[in-house]
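For reference, the chains in residue letters:
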Amino acid sequence: MTISYNWLCDYLPTGQAGLPTGQGGVQDRIEPERLSKILTAIGLEVESLEKYESIKGGLRGLVIGEVLEAVQHPNADKLRLTTVNTGGDEPLRIVCGAPNVAAGQKVVVATVGTTIYPLTGEPVTMKVAKIRGEESHGMICAEDEIGIGESHAGIMVLPDHVKVGAPAAEYFKPYTDWIFEIGLTPNRMDAMSHLGVARDVCAYLSHHDKKQVKPKTPFSNNLKPGGSLREVKVTVENTEDCPRYSGVTIANVSVQESPQWLKDRLVAIGQRPINNIVDITNYVLHETGQPLHAFDADKIKGDHVIVKNLAEGTSFTTLDEKERKLNAGDLMICNGNSEGMCIAGVFGGIESGVTDSTKNIFLESACFSSTSIRRTSLRHGLRTDAATRFEKGVDISNTVNVLKRAAKLIVEIAGGDIASEVVDIYGEQKQKTQVGIKYHQLKRLSGKNYHPDAVKRILESLEFDIVREGIDELFVAVPHHKPDISLPADLVEEVIRIDGLDQIEIPTSITITPAIDDSVSREGLKEKIATYLVGQGFSEIMTNSITNSKYYNDEVLNASVKMINSLSADLDVMRPSMLETGLETMAFNLNRRNNHLRFFEFGKTYHQKDAGKYAEKEHLCIYTTGADHEDVWNKKGTAGDIYQLKGIATALLALAGLNDVQFEMSDGALEISYAKNNVATLRQVSKKQLNRFDVRQPVYFLDMNFETLVKLFGKNKITYTEVSKYPSVTRDLALLVNRSTAFAEVESAVQKLKLSKLRDVRLFDVFESDKLGKDKKSLAVSFTFQDEEKTMMDKEIDGMVAKLIQSFEKELGAEIRK
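Described in the following lines is the structure provided in the data block. (Residues numbered from 1 in each chain as written. Predicted model: local features only at pLDDT ≥ 70, side-chain atom pairs only at ≥ 80, totals over all residues. Heavy atoms only, no water.)

**Section: the overall build of the protein**
Rules: Helix and strand assignments come from DSSP, with helices taken as H or I runs of at least 4 residues and strands as E runs of at least 2, each series counted from the N terminus. Radius of gyration here uses only the C-alpha atoms, and the compact-globule reference equals 2.2 Å multiplied by the residue count raised to the power 0.38. Note on exposure labels: buried denotes an accessible area under 20% of the residue type's maximum, exposed denotes more than 50%, and partly exposed covers the range between, all computed with a 1.4 Å probe on protein chains only. Pairs of residues are marked as contacts when any of their non-hydrogen atoms sit within 4.5 Å. Under the convention used here, a 1.4 Å probe and the Shrake-Rupley method define accessible areas, while residue burial counts only the protein chains that appear. Neither His nor the chain ends is counted toward charge; the positive residues are Lys and Arg and the negative residues Asp and Glu. Throughout, a charge is located at the NZ atom of Lys, the CZ atom of Arg, the CG atom of Asp or the CD atom of Glu.
When helices and strands are counted, the protein shows 20 helices and 41 strands. In terms of overall size, the protein is more extended than a compact globule, its C-alpha atoms giving a radius of gyration of 38 Å where 818 residues would be expected to give roughly 28 Å. Dimensions of the protein, computed from the C-alpha atoms along their principal axes, are close to 120 × 90 × 60 Å. Buried positions account for 47% of the 818 residues belonging to the protein. A fraction of 69% describes how many contacts in the protein between residues 6 or more apart in sequence connect residues 24 or more apart. Total accessible area on the protein is roughly 42,200 Å²; 48% of this is exposed by carbon and sulfur atoms. Averaged over its 98 positive side-chain charges, the protein has a centre that lies 4 Å from the centre of its 113 negative ones.

**Notes on the packing of aromatic side chains**
Keep this limit in mind: For Phe, Tyr and Trp, where Trp contributes only its six-membered ring, two rings pair if their centres lie within 6.5 Å, and the inter-plane angle classes them as stacked under 30 degrees, edge-to-face over 60, or tilted in between. Whether a charge lies above a ring is judged from NZ of Lys or CZ of Arg, which has to be within 6 Å of the ring centre and within 35 degrees of the ring normal.
Under the criterion given, the structure shown has twelve aromatic pairs. Ring centres 4.9 Å apart and planes at 85 degrees place the aromatic pair Y171 and F172 in the edge-to-face group. Since its relative accessible area comes to 22%, F172 is described here as partly exposed. With a centroid separation of 4.8 Å and 50 degrees between ring planes, the pair formed by Y551 and F693 is classed as tilted. Of the two residues, Y551 sits in the loop between β29 (546-547) and α14 (554-558) while F693 sits in the loop between α17 (687-692) and β37 (699-705), which places them 142 residues apart along the sequence. For Y551, a relative accessible area of 16% gives the class buried. A relative accessible area of 9% means that F693 is categorised as buried. Its end group placed over the ring of F475, R468 keeps NZ or CZ at 3.9 Å from the ring centre.

**Description of the side chain of T114**
The criterion, for reference: N or O atoms closer than or at 3.5 Å make up a polar contact, with two conditions inside protein: a donor-capable atom paired with an acceptor-capable one, and, for residues adjacent in sequence, both atoms drawn from side chains.
Along the chain, T114 falls in the loop between β6 (106-110) and β7 (115-116). The class of T114 is buried, set by a relative accessible area of 6%. Of the polar contacts made by the side chain of T114, one reaches the backbone oxygen of G61; its length is 3.2 Å.

**Thoughts on the pairing of strand β15 (residues 292-296)**
Our working rule: Note: two strands are recorded as paired if DSSP finds a minimum of 2 bridges between them.
Along β15, five of the five residues are buried, which leaves the element largely enclosed by surrounding structure. The alternating pattern of β15 places L292, A294 and D296 and H293 and F295 on opposite faces, both of which are buried. Pairing geometry for β15 and strand β22 (residues 361-367), over five bridges, is antiparallel. Considered in β22, the bridge of A294 is made with L363.

**Remarks on helix α18 (residues 706-715)**
Along α18, the residues classified as buried are F706, T708, L709, V710, L712 and F713. Where α18 starts, the residue carrying a side-chain oxygen 3.3 Å from the main-chain nitrogen of E707 turns out to be N705.

**Overview of the sheet that holds strand β4 (residues 80-85)**
Each strand in a sheet pairs with its neighbour through backbone hydrogen bonds, running either in the same direction (parallel) or in the opposite one (antiparallel). Across the sheet, which stays open at both edges, the five strands sit in the order β5-β4-β3-β6-β11 with antiparallel pairing between neighbours. The open sheet has two free edges, formed respectively by β5 (92-96) and β11 (139-140), since each of these has just one partner strand. Judged from the five bridges that link them, strand β3 (residues 62-72) and β6 form a sheet pairing that is antiparallel. Residue pairing across strands places L62 opposite A110, the latter belonging to β6.

**A look at the packing of helix α5 (residues 260-268) against helix α6 (residues 276-288)**
To keep things clear, this is the line we draw: Fitted lines through C-alpha atoms give the axes, limited to the stretch in contact for helices. The angle between two N-to-C directions lies from 0 to 180 degrees. To sort the angles, those under 35 degrees are grouped as roughly parallel, those over 145 as roughly antiparallel, those from 65 to 115 as roughly perpendicular, and the leftovers as oblique. Crossing handedness is defined as follows: a turn of the near helix away from the far one that is anticlockwise and smaller than a right angle gives a left-handed crossing, while the clockwise case is right-handed.
Between α5 and α6, the least distance of the axes is 10 Å, while the angle of their chain directions is 50 degrees. The pairing of α5 with α6 is recorded here as oblique in orientation. For the element pair α5 and α6, the recorded crossing hand is left-handed. From α5, W261, L262, R265 and L266 reach across to α6, where they touch D279, I280, N282 and Y283.

**What to know about unusual backbone geometry**
If you check the backbone angles, N252 has positive phi at about 60 degrees while not being a glycine. Summarising the element assignment, N252 is placed in the loop between β14 (244-251) and α5. Here A675, not a glycine, exhibits a phi torsion of approximately 50 degrees, which is positive.

**Here we look at the packing of helix α19 (residues 743-753) against helix α20 (residues 794-812)**
Remark: α19 packs on α20, axes separated minimally by 10 Å, with the N-to-C direction vectors making an angle of 125 degrees. Overall, the two elements α19 and α20 adopt an arrangement that is oblique. When the axes of α19 and α20 are compared, the crossing they make is right-handed. Side by side, α19 and α20 meet where E745, V746, A749, V750, K752 and L753 of the first sit next to K803, L804, S807, F808, E811 and L812 of the second.

**Description of the state of the cysteines**
As a reminder, the rule being used: Any two cysteine sulfur atoms lying within 2.5 Å of each other are counted as a disulfide.
Evaluated as defined, the whole model comprises zero disulfides. Note on C242: no disulfide assigned, nearest cysteine sulfur contributed by C367 at a separation of 7.6 Å. Taking the relative accessible area as the measure of exposure, C242 reaches 2% and is therefore buried. No disulfide involves C334; its sulfur sits 9.7 Å from the nearest other cysteine sulfur, which is in C342.

**Quick look at the side chain of K482**
Within the secondary structure, K482 is located in the loop between β27 (473-477) and α12 (488-499). Excluding anything up to four places from it in sequence, K482 contacts R188, D190, L462, F464, E494 and R497.

**Notes on the pattern of salt bridges**
To keep things clear, this is the line we draw: Salt bridges are defined as contacts in which a side-chain nitrogen from Lys or Arg sits within 4 Å of a carboxyl oxygen from Asp or Glu.
Scanning all chains against the criterion turns up 40 salt bridges. Close ionic contact of R759 with E788 constitutes a salt bridge, the shortest N to O distance being 3.2 Å. One end of the pair, R759, is in strand β39 (residues 758-768); the other, E788, is in the loop between β40 (776-785) and α20, and 29 residues separate them in sequence. Look at R759 and you get partly exposed, because its relative accessible area is 38%. One salt-bridge network, held together by shared partners, links R188, D190, D200, K482, E494 and R497.

**Considering the nonpolar core**
Using the following cut-off: Definition of nonpolar core: a set of buried residues of the types Ala, Val, Leu, Ile, Met, Phe, Trp, Tyr and Cys, connected through side-chain atoms within 4.5 Å.
Within the largest apolar cluster, 72 residues are counted, with the highest numbers of intra-cluster contacts made by L35, L39, I277 and I410. Excluding residues that lie within four positions of it along the chain, I277 makes contacts with V253, V255, A294, V354, I361, I410 and A414. V234, I343, A344 and F390 belong to the second largest nonpolar core, which has 36 residues in total.

**Concerning helix α8 (residues 385-392)**
Residues spaced three or four apart along an α-helix face the same direction, because each turn holds 3.6 residues. Counting buried positions over the eight residues of α8 gives six, a clear majority of the element. Looking at the buried side of α8, the elements it contacts are α6, β22 and α7 (370-380). Directly after α8, the chain includes G393, whose backbone phi takes a positive value near 100 degrees.

**A closer look at the sheet that holds strand β25 (residues 434-438)**
Reading across the sheet, the three strands line up as β25-β27-β26 and stay open at both edges, with antiparallel pairing between neighbours. Of all strands in the sheet, those bounded by a partner on one side alone are β25 and β26 (465-469). Strand-to-strand twist of the sheet, defined as the mean angle between neighbouring strand axes without regard to direction, takes the value 25 degrees. Pairing geometry for β25 and β27, over five bridges, is antiparallel. Residue pairing for β27: V435 is matched across the bridge by V476. Together, β26 and β27 form the strand contacts of helix α11 (residues 452-461), whose direction differs from that of β27 by roughly 10 degrees. Packing of α12 onto the sheet brings it into contact with β25 and β27, and relative to β25 it is tilted by some 75 degrees.

What follows is the structure, encoded as structure tokens:
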């Protein structure tokens, strides 16, 4: 939510409530920094506070000068030597290249030390410069050089009456403001306007300064028809989706450009000025939070407005010139022929909108069902300012007040006359919700003792009505601009907010209730794995579970979970794989010259099982590229490969108590399993996938099924065995095997023997040569033996080695190299 400081101050009182007392002008305003702290304290967190300038730099340092002399530069045909009076003790010598510079002109001068902000390019600070041998003490400016306009045909020439030496800002009067970006929570529709924010600020000041402060109201009931009357009849057929509809006709308006003050206000908060009528409706929207819509009254057939639903599939062309097929649930504003003019509360139609030729308008101020508006808005992908406010709820009691406010502004700015009485279709009037709160409940939830009088003052300053009160309880009627208030806890929140969230007392003790949590083993394993990986130089990442469907082929997408109301075209599917979101992060870092990356992530993937049924799986994924660390003076980094990541995978499984794992190659990937359960897949990412993310170096990817890992971890009891005091013995064997034989087959042959005193099997060398024989290779394997109860003898060790040799010869057809 964007809030303008100048605009907000229009509704804040001056010279009271703790503000410095002046003459009722700008000096009486509360400072932006203090206002920022107040807004954050009352729950309207200020995410940023930035100065806004309609002309960047605010023309600071620029002065009005008069050219006294302009002669030809002795060393350049296209340059002139000028003497310029800027009101100082001595005229300035300035070299100027503009073709239109001449003596007697009033001009804008950037003196030495002044920084100018051109429309394009970087800011430039003026210095004394030598140009073709002549010193220049500043610059005579063109429009585009100081950000005022786009012309660069020559210097700006000002009227003769402009005072020499005056600051340029006094003549051009650039608009300046402070802009608050507020992180508004979804329930705070009452704060989606400048007036709503002002209400909260005044409540804060009233409470803390012990003096009643109310926001200045822009509303007036003085709106009477004048001139010839033109009534527009209104019929509301769907009163459920439109409980209140107000309107008024204004005749003989002049549609043109808005006055500068109005354009400045809108541009400062990021709105684009269009014309005076549309700009006023946008201005009042951001002022009050009530959306408005202006129709060209001459295009309303039959002078009759009908609020109704049209048939399914009806075509309707909106202001963006797109033809849309309506849903039967879309509420429409129609003319007397039941032809659509506007999608109610969402977007106008191209046939009935205000144009430069419009002379008469019908102004609408209504309250529409938040549920209906949200569904329509999402259905058509139209997330307008009006729809955003209607879907959160608007103040149904304020439609007429806002209508009159906008109508008076239109008459004031665009001319014309009020041509009808205000039409107000309001069936069964909405009653205020009543909510009660007990003071002991307030203390329990807030942790603070509040005096009953303070509670009443806070709620009354927020426009709650006191219905009745008892010794320990208070009942209030909730104002219509706070539709989210329905529970006692909501009232507690209001009291805490206005007292100040920074005033919540820190308790001296914390009370907790012990509970048995089924996820302890899961979280414990996560912590264990994360600690190990961080110790190995990995960094944990968290990527978005919503990703781009363009990353996947049709086969994958057919089983994926698609977003019905996607946040953007690039975020339209729940990720069916974690590889792509991880590659996005790797590409981001690689593009910034972080070439050695070791990432891990705990996350979920999502799949569609059957129609309307979905499944999610939790994964642990590891991504590596480049070396294991940056080069240092005494050690160079080792380039990562698939074997390095296999070692990491083996170590992680060992942490979970899974030691006897099996490895098997399948479709270019290494499948890792334990007790016939697939627990992980390890592979090098294909070049095709890397090219999609513009990654130009190898990436290795390990995908662990974390759910299976947790299940197996829960079944395995990790026990401690005392470190043996007897020495281990190592024997090496060189096995001559077929070149296609994998080391996993060697491990499998060893496991089948079930040698209880064999502690470790390690491959430490692979040798390939034609001298070994055709399609042969040599695997050098180290075997470690240990007895927990005694020192092992050679005879016992030789017996186990003999069994190993026999198994290798039988299972692998291996020869033992002597």
